[in-house]
Structures are given as structure tokens and as C-alpha cells.
Amino acid sequence: MRYDDLWIKGTGSYLGELRPVAPDIAAGGYAEKDAREAGTVSVSIADLAPPEMAVRAGRAALAAAGTTRPSSTLHLHGSTYFQGLDMWPAACWIAGQLLGETLDTLSMQASALSNSSLACLELAGSLLAGRPDLSGALLTCADRFAPPGVDRWNIDSGMAFGDGGAAAVLGRGGGALRVLSVVSYTDTSLEGLQRGDEAFHPVSPTALETLPMRRRAREFFAQGTMAPKEARQRSVDAVQRVVTAALDEAGCSIGEARWVIPPFVGRRLFESGFVEPLGLDPERTLFEFGLTTGHLGSVDQLLSLDHLLGNGLLRPGDRVVLIGTGMGFTFTCAVLTA
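Below: a short report on this structure. Only a predicted model underlies this, so the values are computations on that prediction, with no experimental measurement involved.

1. Some thoughts on the sheet that holds strand β8 (residues 177-186)
Taken in spatial order, the nine strands of this open sheet run β5-β4-β6-β7-β1-β8-β11-β10-β9, and their pairing is mixed. Looking at which strands have only one partner, the edges of the open sheet turn out to be β5 (107-109) and β9 (259-261). Within this sheet the neighbouring strands show an average axis-to-axis angle of 20°, counted without direction. Note that strand β1 (residues 7-15) and strand β7 (residues 164-171) share eight bridges and pair antiparallel. Directly across from Thr11, in β7, lies its bridge partner Ala168. Those strands touched by helix α4 (residues 90-99) are β4 (73-78), β5 and β6 (136-143), and its axis lies near 130° from that of β4. In the packing of helix α7 (residues 228-250) onto the sheet, the strands contacted are β8, β10 (319-326) and β11 (330-337), and the crossing angle to β8 comes to about 145°.

Below is the structure:
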């Protein structure tokens with residue numbers, strides 16, 4: 001969808017301590033082969049719960065936007081993993097901390113797992129385009145990958161996971177970044193990569209055991225319905241599809257973009273999933289920055305915008321292409337201009 005008057009007015013983010021991976025490699029927690037393949041040099045490790053990180057990021061975004069907290073602000077909170085309590089409306093607590101006791105609209109969680117940032121951006125943009133009574137939208141996202149439920153080094157192949165939160169304020173009439181277009185696509189045939197042969201449970205077992213994501217992928221491929229090569233190609237095709245469509249709607253090419261920012265994955269996945277199929281120049285990405293934080297689940301894309309704005313890495317007219325992928329699999333591309 002192309003947007004005629006959708007703006008990001010302010011951003012904010014929160015990271016934990018950036019801890020080098022070398023001690024965990026030496027201790028045997030992170031296999032040297034995996035570390036070499038990913039190229040990760042450190043990961044963000046936070047002591048705060050995800051909603052607390054979202055509030056910190058949200059306060060910074062509201063301050064940057066100069067927003068007065070109107071009650072007609074939509075609030076969407078994205079996440080990949082556990083938010084601190086079961087059967088608890090984390091979004092409402094975050095909204096209460098940031099926007100006040102009552103809102104004349106929704107505060108809700110909207111999870112597309114690691115694609116949650118851009119999924120929330122598309123949902124909020126579409127609502128703002130059709131709802132003149134909404135004054136704006138606050139997007140928050142946060143994830144923490146803590147033991148015993150998650151082994152951040154081995155939850156998935158090709159990347160290490162970090163903790164963090166990010167936020168953005170959306171509105172009309174001008175801002176730091178104009179959102180030109182957002183396009184999404186879903187390939188449900190890849191869902192089994194995260195399910196494998198596992199049966200459904202009556203309650204979540206993850207409080208007692210580590211998420212078995214790698215095992216589930218092996219089980220999925222053992223079923224013989226799809227080979228790893230086909231799964232990789234379907235993912236590449238989906239990325240190319242949403243990027244091409246979003247750029248077409250925005251009226252520009254990928255070569256005109258100052259920044260093209262895929263998720264913070266490891267080196268092998270970055271090269272095979274994004275650099276090669278899209279013809280990216282790594283110098284126009286935040287790949288090296290992502291190797292210092294780890295993959296932050298739902299947070300990568302909004303954190304990237306805050307990093308660009310906060311470090312003076314954007315000039316007027318610069319185009320930014322954000323790419324999101326989420327287990328399931330959903331794919332989203334957003335094109336913005338400074």
C-alpha cells in the first residue's frame with residue numbers, strides 16, 4: 001500500500017549491556033563453528049522485562065515527536081517471545097505508562113514474531129489512512145531471550161539472539177521520516193519449520209525446557225515434503241517479491257536507497273538471503289551494527305530507524321528500505337524517505 005500522508009515523527013530504543021561472545025565460546029555455550037558462521041561479536045543482554053524496555057523506548061519516541069499524549073492515539077505492541085507474565089495484557093500496561101489511564105481507541109498486542117515491527121507499521125498506517133478520528137499511533141516492540149526458556153546462542157541456526165526494545169510515533173502532516181509504502185506477503189508452507197513433529201500442548205512447556213527450534217526444523221525436513229534448498233528459495237522469492245512491490249509503489253529503485261536494512265541475522269543468512277538476491281551493497285546496510293546487538297526478535301527494524309536518526313546518518317531525501325521476515329513465514333518491506 002502506498003501512503004500519501006504517513007510520517008514517523010519520533011523514535012526511541014533501549015538496549016541492554018553489549019556483552020562479547022568470546023567468553024561464551026570459551027565456556028562451550030556457543031559453538032565456535034556457529035559463531036564463526038554468524039560473525040556476531042556481542043549481544044545485547046538486558047535485566048529488564050520486555051514491557052519495561054518498551055516503556056523506556058516509548059518515552060524516548062514520544063519526547064522526540066513532541067507528542068502531547070492525546071487519548072485518540074492507537075497503540076500497537078509487537079513481540080516475538082514471552083512478555084513477563086502469562087495471560088496478561090502487556091500492551092495495556094505499556095499504554096498506561098506512556099499514554100495515560102484511558103484511550104478512545106485500541107491498545108493491543110499484534111505479533112508477527114520477528115516481523116512484528118513492520119507488521120505493526122502496516123496495520124497502524126492502514127488504520128490512520130482510513131480513520132481521520134485517530135490522531136496518531138504509538139508502536140512499541142520488545143523482546144528478551146532469557147534462560148531457561150531460551151538458549152540465545154542455539155535457539156536457531158545462523159544467528160545469536162539479543163534483548164531490546166524500540167518504539168515509533170506515527171502521525172500525519174510531517175515528521176522525521178515519511179512512510180511511502182509498505183507491502184507484505186505470507187508463505188504458510190514454511191510454518192512447519194517451527195513446528196516439526198511436535199504435538200500441541202495443553203499448557204506451555206517452555207518454562208521447564210529450552211525452545212527446540214533447531215530440532216523442529218530437522219523434523220520438518222525429515223518429513224520429506226520440502227527440502228532445505230526449496231525452503232531457502234521460497235524465503236528468497238518472498239523477500240524479492242515484497243521489496244520489488246514496495247519499491248514500485250514508492251516510485252524508486254533499490255539502487256536509489258541510501259540504506260537497505262534486513263533483519264539482524266548472521267553473516268551466512270545475510271549474504272544468501274539478502275545480499276545476493278537483492279544485489280545489496282553491505283556498506284549501505286546496518287549489518288555490522290547488528291553483529292554487535294544480535295537478532296532482537298521483533299525489534300530490529302524500529303531500532304534501526306532510531307539508530308539512523310540518533311547518529312545523524314540520514315540526510316534530507318535519503319531513502320530507507322526496511323525488510324522484515326517472521327517465522328510462519330511473513331515478509332514485509334517498507335520504503336521511507338527522510
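2. Digging into helix α5 (residues 116-130)
The terminal C-alpha atoms of α5, which comprises 15 residues, lie 21 Å apart, in line with the 21 Å expected from a rise of 1.5 Å per residue. Every buried residue of α5 is accounted for by Ser116, Ser117, Leu118, Ala119, Cys120, Leu121, Ala124, Gly125 and Leu128.

3. Some thoughts on the packing of helix α3 (residues 50-65) against α4
Relative to each other, α3 and α4 sit at 35°, their axes nearing to 10 Å. The hand of the α3/α4 crossing is right-handed. Residues Pro51, Glu52, Ala54, Val55, Gly58, Arg59 and Leu62 of α3 lie in contact with α4, whose contacting residues are Ala90, Trp93, Ile94, Gln97, Leu98 and Leu99. A per-class count over the contact of α3 with α4 returns nine nonpolar, two polar and two charged.

4. Here's the deal with the pairing of β8
Within a regular strand, the side chains alternate between the two sheet faces. Bridge count between β1 and β8: two bridges; the pairing is antiparallel. Each bridged residue has a counterpart across the sheet, and for Ile8 the counterpart in β8 is Leu177. Two elements, β8 and β11, share eight bridges in a ladder whose sense is antiparallel. By the bridge assignment, Ser181 is partnered in β11 with Val335.

5. A word on the packing of α7 against helix α8 (residues 267-278)
At a minimum axis separation of 10 Å, α7 and α8 run at an interaxial angle of 50°. One finds that α7 runs oblique with respect to α8. In terms of crossing hand, the pair formed by α7 and α8 is right-handed. Between α7 and α8, the contacting residues are Val236, Val239, Gln240 and Val243 on the first element and Ser272, Gly273, Phe274, Pro277 and Leu278 on the second. Considering only residue class, the contact of α7 with α8 consists of six nonpolar, three polar and no charged.

6. What about α3?
An α-helix turns once every 3.6 residues. As a result, residues three or four positions apart point the same way. Between its first and last C-alpha atoms α3 spans 22 Å; for 16 residues at 1.5 Å apiece the expected length is 22 Å, and the two agree. Within α3, burial applies to Pro50, Pro51, Met53, Ala54, Val55, Ala57, Gly58, Ala61 and Leu62. Phi for Gly66, located one or two positions after α3, is positive at around 65°.

7. What about the packing of aromatic side chains?
Taken as a whole and judged by the stated rule, the model has eight aromatic pairs. Between Tyr81 and Phe145, the ring centres sit 6.0 Å apart and the planes meet at 15°, which makes this aromatic pair stacked. Of the two residues, Tyr81 is situated in the loop between β4 and α4 and Phe145 in the loop between β6 and β7; the sequence distance between them amounts to 64 residues. Across this residue pair, the class does not change: Tyr81 and Phe145 are buried. Measuring from centroid to centroid gives 5.8 Å for Phe264 and Phe289, while their planes differ by 90°, and the two rings are edge-to-face. Here the residue Phe264 occupies a position in the loop between β9 and α8, and Phe289 occupies one in helix α9 (residues 287-293), the gap between them amounting to 25 residues. The exposure classification of Phe264 matches that of Phe289, with both residues buried. In this structure an aromatic cluster arises from ring pairing among Tyr81, Phe145 and Phe161. For the cation-ring pair, Arg258 lies above Trp259, with the distance from its terminal atom to the ring centre recorded as 4.1 Å.

Parameters and conventions
Residues numbered from 1 in each chain as written. Predicted model: local features only at pLDDT ≥ 70, side-chain atom pairs only at ≥ 80, totals over all residues. Heavy atoms only, no water. Pairing = 2+ DSSP bridges. Helix = DSSP H or I, 4+ residues; strand = E, 2+ residues; numbered from the N terminus. Axes fitted to C-alpha atoms, helices over the stretch in contact; angles between N-to-C directions. Contact = heavy atoms within 4.5 Å. Expected span 1.5 Å × (residues − 1). Buried < 20%, exposed > 50% of the residue type's maximum accessible area, 1.4 Å probe, protein only. Left-handed = near helix turned anticlockwise from the far one by under 90°. Nonpolar A, V, L, I, M, F, W, Y, C, P; charged D, E, K, R; others polar. Parallel < 35°, antiparallel > 145°, perpendicular 65-115°, else oblique. Phe/Tyr/Trp six-rings, centres within 6.5 Å; stacked < 30°, edge-to-face > 60°. Lys NZ or Arg CZ within 6 Å of the ring centre and 35° of its normal.

Coordinates in, geometry out; function isn't part of it.
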